[in-house]
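Okay, here's what each chain looks like letter by letter:
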Amino acid sequence: MNINFNTISSTKSGTTAKPLYYLIITIIFLLLTSFSAYGNSWEDITKKAKGQTVYWNAWGGSEEINAYISWVGSRVKDDHGVILKHVKLASTADAVSRVLAEKAAGRTNNGSVDLIWINGENFAKMKENELLYGPFTENLPNFKLVDFKGKPTTLIDFHVPVDGYEAPWGMAKFNFVYDSARVSETPKSIPELLQWSERHPGRFSYPHVTDFLGSTFLMQALIELTENPEVLNHSVKSKAAFTKTTAQLWNYLNQLHPLLWRSGKSFPASSSVQQQMLNDSELDIALSFNPSATSAAIANGSLPESARTFVLKKGTIGNTHFVAIPFNSGSSEGAMIVANFLLSPEAQMQKQNPQIWGDSTVLSIAKLAAQDQQKFKSLPLGIATLAPEKLGPTQPNPHPDWKNQLDAEWQRRYGQ
Amino acid sequence: MATTLRAVSFLPAFPILTKLLFLLPISAGLFGVLLPALGYFPDLGGNQFHFDIFRQLLEHPALPYSVWLTLFSGIAATLISLSLAILLAAMLSRESLSGNNNNKINRLFVIVRRGLIPLIAVPHAAIALGLAFLIAPSGWIIRWFSLLVLGWETPPELVTVQDPFGLSLIFGLVLKETPYLLLMILAALPQIRAREYLRIGQSLGYGNFRSWLKLVLPQVYPLIRLPVFAVLAFSLSVVDVALILGPTTPPTLAVLILRWIDNPDLSFRFLASAGAVLLLGLTMASLIFWRVSEWLLLIKWRNWLSNGKRGSGNEANKLAAMSGFLLLGTAFFSVLGLAFWSLSLRWPYPHVLPQIWTQRNWERHWNSLRETAFTTLEVGVIAAVIALFLVVGCLENEQWRRVRFSFRSQWLLYLPLLIPQATFLLGIQILAVRLEMDGTFLLLVWSHLLFVLPYIFLTLADPWRNLDARFPQIGQCLGASPLRILFRIKLPLLLKPLLVASAIGFAVSVAQYLPTLFAGGGRFVTLTTEAVSYAAGADRRVIGVYGFLQALFPWIALLMALAIPRWRFRNRAALT
């Protein structure tokens, strides 16, 4: 229990603004994590981390992100003597498999994965199967800079309490990408998207539901089409409830699919492929989960200058992506150093710059030093990025239960 | 005789060592697939054995079409590749027979041969991506068509890549497998003294193609049966090509299994394992089906073989030339398209050439290249050399002790090629962690060996077994020791198949992604681990860079394998 006192005292002394607010946040944490066996003073962690090698397993499909990660590596080496190695993956599942194999073989320390870039569903399953180390986030000094209030998904990931088992890294928000050279008027709601597709058959599609963006599209449509979106925040109660809640969605998709690319008989294999099809003029509207990604893609030449983004009037789904440490990492201290650096204003600012990556920060700008606030404000927005006030409301991800059942039902109806 | 026996007494160690090297990981791998398929995986909450997962698998809505698609595309791709390879081989051996290169069509055949063989070195995923760009509705062909004829502002609505019948998938596989089989046939021809047979055929009034089919093919086919089986098994279980060119709703079984593994819900691993068992079963069934069909065809054609009807068969000439050029042209433009992409910053539709050129894509990767390339080379060379050493030892053992590598042991060798890697490797990984070997260089080489050795074995076994036994006999009569016979007679005579086998083994090692990631624990970065992770981003510019880098080493190895015998035996035409 002494650990928790540590946290309180450090958060109190570490800031001057809104101490009460931080106390509340800390108390929330105390409630979420009744006790912690992993707590250590940051000084100890820094000392132990020195010289450790951290194998960070992260999707390696983007040159920009890879370059950013390699910059992080040079910074943590200079500051803390931590050696960061990016293990580039084609799929996060490859790293999960290895951790799983290690657990099955009884390897409880010195595992091959030290840090893993993870999203809600992978996190939920790894946490459920006790494959993660933690709670650790309360140890990170920069963790308190996170905008818990404005970005609640930094604490609750896909309705699963984070409980300190993963550190927030960046924000994602569902949005649409279009080529303004070919599209003059953009739909403002899911029903309007159908009308638009009627006027432009074959020019829109969404990735196959095995891609997270494809299943997010289903959930986005469901939120707007179902009469009572509130039920989506809880697990699916019964088969009948699922049928009732999703009836409108299937009705909608039955109308939409004949108007899609290849009449909805085939779907882009992934979100990356779909973006390329927009670039190839095979599609006029595509989907994205990062509001600045389009600006970044224009900057690196993979989308036309005329690419722009739009969101829906009622709002779109938003969530957070994180980094987590596997239960058997032998360099958990080094991994924490990296996770903490990723949360630093410097690293978050670098990441948000659309010329570098363009991934939105998880930090609360108001909590930062005046100088950093100024720097954040002077970051270029990017030619195709909507200003924060134009991004519309953020809707929570439905409970993962819905995603699984939607995917399965979609496969049954359209996947064969 | 006694000295000879003593000299070869250590030979049985080779098959035993090879079997040991394989038995351990393969049984671990098999258990790693079978147990979860039967519901057992305690760390995922499966504590009991049951058949529910197979029921779940069989009731999966995508399964029937997926199975049909897998069988159709796999068998069709193998059949077409084999037919084309036979057709081309017949024409190519005719060229080398006549010795008259003035003929126009002969010159074209030389181009086909020189062009097709290097294709073996180009990674499957790169060829598939290049082909996809070539034939897509917004692809290169349509862009030229649009520029020259029609002026489409937006790409036409055509169904080309990812068509529901898997035709583009078959095309992509044929593009890669035909050159492989062609090389296998060409490497086997000297063993059966094809030239002499062709001469006899022609002197009896049979046309060239007919002599080839009637005299050479029946002799050469048994020598390439194993490579054909490897192609069939590969085509049924291929993932990367099917991901790029195959349909999505539903995909082939191998891709479906990959999707289940990639599913964040770890309980899908059970289904994936059951799927892997089914795929293994389908592969075995297809191999048996193929073997039975061979036998039926033989009965049907036996009369034709000896009916004495003459004829030129020259119409096949044109067909061979055309298909050869179609293959070569498609492959050439697929690779060229990727080359242009690697030099482009922007290349949107409908531009037929990149809009903005750049060296950035290459510069970015050049710096990290040295280390990556060295690891690739190191693992590939060591794995190929060890595999070659073991295979030669096993084959020598066969000959001196007159015991054939049993049928069962052969299956053992080929199992790694037949089981979907992603499920197979989980069990191996568990074993490796138990042995505290994961993430070591030794394990990395060992895991590559599982895939390199079978290819070297199946490339080398038949030429080795069919070497005219009288050569070593002469050596023995002159009192040479088995080792001396090996080094002075066999190895020189078999230099070409040896080098080709090593080059192919090396190429197989270079291409390994999952074994490198799993056994290497992410500690070893090779050209392929980089390439595959970049391929996930579907950026043709980076894929273009890595496609070339990945192809470079195997291509050099292959060139050397073909050039060295030509130089070494420049005065012995029959050996080149």
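1. Topic: the confidence of the model for chain A
In regions of low pLDDT, the predicted coordinates are not meant to be interpreted in detail. Residues and elements named next belong to chain A. Mean pLDDT over chain A works out to 88, with 90% of the residues at or above the 70 mark. Within chain A, helix α12 (residues 332–342) carries the highest mean pLDDT (97), whereas helix α1 (residues 2–14) carries the lowest (37). Segment residues 1–17 is flagged for pLDDT under 50; beyond a separation of four residues in sequence, or across chains, it makes 18 contacts in the model. Low pLDDT (under 50) marks residues 33–38, which in the prediction has 10 contacts with non-local residues, meaning those over four places away or in another chain.

2. Overview of unusual backbone geometry
A cis amide bond, omega 0°, links G134 of chain A with the succeeding residue P135 of chain A. Examined against the element boundaries, P135 of chain A turns out to sit in the loop between α6 (120–128) and β4 (156–157). Looking along the chain, the bond that leaves T249 of chain B and enters P250 of chain B is cis, with omega of -10°. Relative to the helices and strands, P250 of chain B is located in the loop between α11 (240–245) and α12 (253–262). The residue N110 of chain A is not glycine, and still its phi comes out positive at about 60°. Checked against the element boundaries, N110 of chain A lands in the loop between α5 (92–104) and β3 (115–118). At S263 of chain A, a position not held by glycine, the phi torsion is positive, near 55°. Among the residues examined, S263 of chain A registers 13 C-beta atoms within 10 Å and is labelled partly exposed.

3. Looking at the packing of helix α15 (residues 360–401) of chain B against helix α18 (residues 441–465) of chain B
Residues and elements named next belong to chain B. It is at 8 Å that the axes of α15 and α18 come closest, and there the two elements cross at 45°. The pairing of α15 with α18 is recorded here as oblique in orientation. Taken as a pair, α15 and α18 cross one another with a handedness that is right-handed. Taking contact as the criterion, the partners of V379, I382, A383, A384, I386, A387, L388, L390, V391 and L395 in α15 are, on α18, L444, V445, H448, L449, V452, L453, I456, F457, L460, A461 and W464. Within the contact of α15 with α18, the residues separate by chemical class into 20 nonpolar, one polar and no charged.

About the cut-offs
Residues numbered from 1 in each chain as written. Chains lettered and ligands numbered in written order. Predicted model: local features only at pLDDT ≥ 70, side-chain atom pairs only at ≥ 80, totals over all residues. pLDDT = per-residue confidence, 0-100. Helix = DSSP H or I, 4+ residues; strand = E, 2+ residues; numbered from the N terminus. Contact = placed C-beta atoms within 7 Å. Buried ≥ 20, exposed ≤ 12 C-beta atoms within 10 Å, placed from the backbone. Axes fitted to C-alpha atoms, helices over the stretch in contact; angles between N-to-C directions. Parallel < 35°, antiparallel > 145°, perpendicular 65-115°, else oblique. Left-handed = near helix turned anticlockwise from the far one by under 90°. Nonpolar A, V, L, I, M, F, W, Y, C, P; charged D, E, K, R; others polar.

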